[in-house]
Amino acid sequence: MIHVGRMLSEGARLHPERPALVDGLTGEVTAYGALDARAVVAAAEADPDALTDALYAANGFLLLKGMHGITEEPALLNRLSCLFGEEVENYRETGMRPTSVHTEVPEILIVSNMPPVDRPPPKRPEPPLTADGKLPVQFPHRRGWHTDQSYRRPPPDISLFYATIPSPKGQGQTLYADCIAAYEALPPALKTRVDDLVGIHVRPGSGRTEDAVRNGDTPDPLGPYEQPQHQPVVRTHPVSGKRSLYLCEAGQMDWTIGPFVGMEPGPDGEGARLLYEIMSHLTQPKFVYVHEWDKGDLVIYDNRTTLHAASWFDAEKHGRLMWRTTISGNPGAEYEGERKSWLAGE
């Protein structure tokens with residue numbers, strides 16, 4: 001975890017440290033002399049390797065507290081995003097619903113249950129708590145584990161997620177799983193099985209989820225730029241060289257022809273049984289960090305080495321407003337020279 005504090009001194013600079021958070025998700029950055037988000041961004045721009053190096057050292061998860069100034073100056077989020085890669089996605093150009101795109105900064109995706117976005121939160125797990133009274137994190141009790149836009153090739157690198165209006169404490173948490181630590185801890189026999197495994201990913205809402213297949217729903221026809229995409233289940237990070245698990249569960253895998261290449265497809269097939277085994281291992285509590293949001297929190301996560309899952313909040317009583325940016329450009333050698341699968345003319 002990266003925590004940006006407020007310590008007064010002459011000028012602002014970033015200093016990384018490394019306390020433990022959960023297994024590999026570690027680290028701390030203090031912004032000396034930074035009194036607001038603008039100063040933090042300026043300090044990061046003056047030393048652009050500080051945050052990126054800390055992100056990779058922390059297995060792909062950083063937390064910056066107190067970045068309230070982004071709400072008043074949303075371009076700061078885009079400036080910070082530019083430090084993490086070659087391309088910050090412009091959502092107006094990639095087919096995103098216009099009401100989900102920030103009106104002033106098109107690189108910001110709006111995630112909210114409030115109009116005009118009207119995106120509901122996920123359902124509560126059943127039962128809502130574990131036997132010892134804790135928030136469920138492990139699959140399949142906890143559903144919704146994914147990495148952003150895995151149904152694209154090349155997939156994105158890094159996302160920044162900012163809390164403009166969080167839900168109350170105890171609701172609307174985001175869960176993050178360390179896919180590097182989980183891969184390293186795989187039993188030898190399971191590690192051998194997954195090393196050359198290929199997953200089949202498809203966009204959500206296309207009628208190819210586990211539930212849709214079980215219900216006998218007819219899959220939606222897919223256009224030429226919506227086709228299922230093959231992704232390695234084990235990826236090597238292009239900067240750190242670390243190997244990590246890379247897959248989703250019910251919502252972004254294609255359960256009509258997958259979830260894995262070369263294995264019996266469908267919810268009751270051999271591939272499904274293996275996915276359940278991998279996901280149950282990956283989302284053990286020892287690999288998961290549960291983030292309780294405060295206003296002004298900024299999380300930076302590497303989609304190549306982490307999974308995340310949203311949690312329920314009472315959308316009838318509370319509004320939640322979050323902003324996300326997505327950075328691409330360094331997916332790894334396997335994707336070198338590939339066109340963007342989701343865009344015409346690429």
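What comes next is a walk through the structure. Everything numeric in this text was worked out from a predicted model, so none of it was measured.

**Quick notes on the overall build of the protein chain**
And then number 1: When you go through the protein chain residue by residue, the secondary structure sums to 8 helices and 15 strands.
And then number 2: Out of the 346 residues in the protein chain, the part that is buried amounts to 54%.
And then number 3: Contacts in the protein chain between residues at least 24 apart in sequence constitute 78% of all its contacts with a sequence separation of at least 6.
And then number 4: Taken as a whole, the protein chain presents about 14,800 Å² of accessible surface, with 52% of it coming from carbon and sulfur.

**Details of the sheet that holds strand β7 (residues 174-178)**
And then number 1: Taken together, the 3 strands give an open sheet; going across it, the order is β12-β7-β14, and neighbouring strands pair in antiparallel fashion. Here the strands that pair on one side only, and so sit at the sheet edges, are β12 (288-291) and β14 (306-310). Within this sheet the neighbouring strands show an average axis-to-axis angle of 20°, counted without direction.
And then number 2: As defined by bridge partners, β7 adjoins β12 across 4 bridges and the pair is classed as antiparallel. The residue bridging Leu175 from the neighbouring strand is Val290, located in β12.

**As for the pattern of salt bridges**
And then number 1: Here the structure, examined in full by the defined rule, presents 19 salt bridges.
And then number 2: Lys65 serves as the salt-bridge partner of Asp294, at 2.7 Å between the closest nitrogen and oxygen. Pair noted here: Asp294 is in the loop between β12 and β13 (298-302) and Lys65 is in the loop between β3 (61-64) and α3 (69-72), with a separation of 229 residues, a long-range link.
And then number 3: Asp294 sits in the partly exposed class, given a relative accessible area of 28%.
And then number 4: Lys65 gets classed as buried once you look at its relative accessible area, which sits at 19%.
And then number 5: Asp302 is paired through a salt bridge with Arg304; the nearest N and O atoms lie 2.8 Å apart. Accessibility assignment for this pair places Asp302 and Arg304 in one class, buried.

**Here we look at the packing of aromatic side chains**
Centre distance and the angle of the planes are the two values used to describe a pair of aromatic rings.
And then number 1: Counted under the stated rule, the structure contains 6 aromatic pairs.
And then number 2: When the centroid spacing of 5.9 Å and the interplanar angle of 40° are considered together, the rings of Tyr162 and Trp323 count as tilted. Of this pair, Tyr162 sits in strand β6 (residues 158-165) while Trp323 sits in strand β15 (residues 321-328), and the two are 161 residues apart along the sequence.
And then number 3: Accessibility expressed as a relative area gives 6% for Trp323, which makes it buried.

**A short note on the environment of Asn303**
And then number 1: Relative to the helices and strands, Asn303 resides in the loop between β13 and β14.
And then number 2: Owing to a relative accessible area of 1%, Asn303 belongs among the buried residues under this scheme.
And then number 3: For the pair Asn303 and Ser159, spaced 144 residues apart in the sequence, the C-alpha separation amounts to 7.0 Å.
And then number 4: Setting aside anything within four residues of it in sequence, one finds Asn303 in contact with Thr147, Asp148, Pro156, Asp157, Ile158, Ser159, Tyr246 and His308.

**Things to note about helix α2 (residues 49-57)**
And then number 1: Among the residues of α2, those classed as buried are Ala50, Leu51, Thr52, Ala54, Leu55 and Tyr56.
And then number 2: Following α2 by one or two positions, Asn59 adopts a phi angle in the positive range, close to 60°.

**As for the nonpolar core**
And then number 1: Residues Trp145, Val194, Leu245, Phe260 and Ile278 are the most contacted members of the largest nonpolar core, which totals 32 residues.
And then number 2: Those elements that provide at least two residues to this core are β7, α5 (179-184), α6 (188-194), α8 (270-282) and β14.
And then number 3: For this core, the leading source of residues is α8, giving 6 residues.
And then number 4: Ignoring anything within four residues of it in the chain, the contact list for Ile278 reads Leu190, Val194, Leu197, Leu245, Leu247 and Phe260.
And then number 5: One finds Ala58, Met67, Ile70 and Ile110 within the second-largest nonpolar core, a separate group that totals 30 residues.

**Notes on unusual backbone geometry**
For residues other than glycine, phi is negative in most cases, and the peptide bonds are mostly trans.
And then number 1: The omega angle of the peptide bond from Glu126 to Pro127 is 0°, so this bond is cis rather than trans.
And then number 2: Position of Pro127 among the secondary structure elements: in the loop between β5 (109-112) and β6.
And then number 3: A cis amide bond links Phe139 to the next residue, Pro140, at an omega of 5°.
And then number 4: Phi angles above zero are rare outside glycine, and Asn59 is one such case at about 60°.
And then number 5: Note on placement: Asn59 falls in the loop between α2 and β3.
And then number 6: By relative accessible area, Asn59 is classed as buried at 6%.
And then number 7: A positive phi angle, near 55°, is found at Gln149, a position not held by glycine.
And then number 8: By the element assignment, Gln149 lies in the loop between β5 and β6.

**Some words on the side chain of Lys340**
And then number 1: One can find Lys340 in the segment after β15.
And then number 2: At a separation of 2.6 Å, a polar atom in the side chain of Lys340 contacts the side chain of Glu87.

**Quick notes on the environment of Pro122**
And then number 1: Along the chain, the position of Pro122 falls in the loop between β5 and β6.
And then number 2: Residues Pro122 and Gly144, spaced 22 residues apart in sequence, show a C-alpha to C-alpha distance of 7.9 Å.
And then number 3: Not counting the four nearest positions on each side in its chain, Pro122 is found in contact with Ala310, Ser311 and Trp312.

**Observations regarding the pairing of β7**
And then number 1: Here β7 lies mainly inside the structure; 5 of its 5 residues are buried.
And then number 2: Where burial is concerned, the two faces of β7 agree: the one with Thr174, Tyr176 and Asp178 and the one with Leu175 and Ala177 are both buried.
And then number 3: Where β7 meets β14, 5 bridges bridge the pair, whose relative direction is antiparallel. In the strand pairing of β14, Asp178 is matched with Thr306.

Parameters and conventions
- Residues numbered from 1 in each chain as written.
- Predicted model: local features only at pLDDT ≥ 70, side-chain atom pairs only at ≥ 80, totals over all residues.
- Heavy atoms only, no water.
- Helix = DSSP H or I, 4+ residues; strand = E, 2+ residues; numbered from the N terminus.
- Buried < 20%, exposed > 50% of the residue type's maximum accessible area, 1.4 Å probe, protein only.
- Contact = heavy atoms within 4.5 Å.
- Areas by Shrake-Rupley, 256 points an atom, 1.4 Å probe, with all protein chains shown as cover.
- Pairing = 2+ DSSP bridges.
- Axes fitted to C-alpha atoms, helices over the stretch in contact; angles between N-to-C directions.
- Salt bridge = Lys/Arg side-chain N within 4 Å of Asp/Glu carboxyl O.
- Phe/Tyr/Trp six-rings, centres within 6.5 Å; stacked < 30°, edge-to-face > 60°.
- Core = buried A, V, L, I, M, F, W, Y, C linked by side-chain atoms within 4.5 Å.
- Polar contact = N/O pair within 3.5 Å; in protein donor to acceptor, adjacent residues only side chain to side chain.

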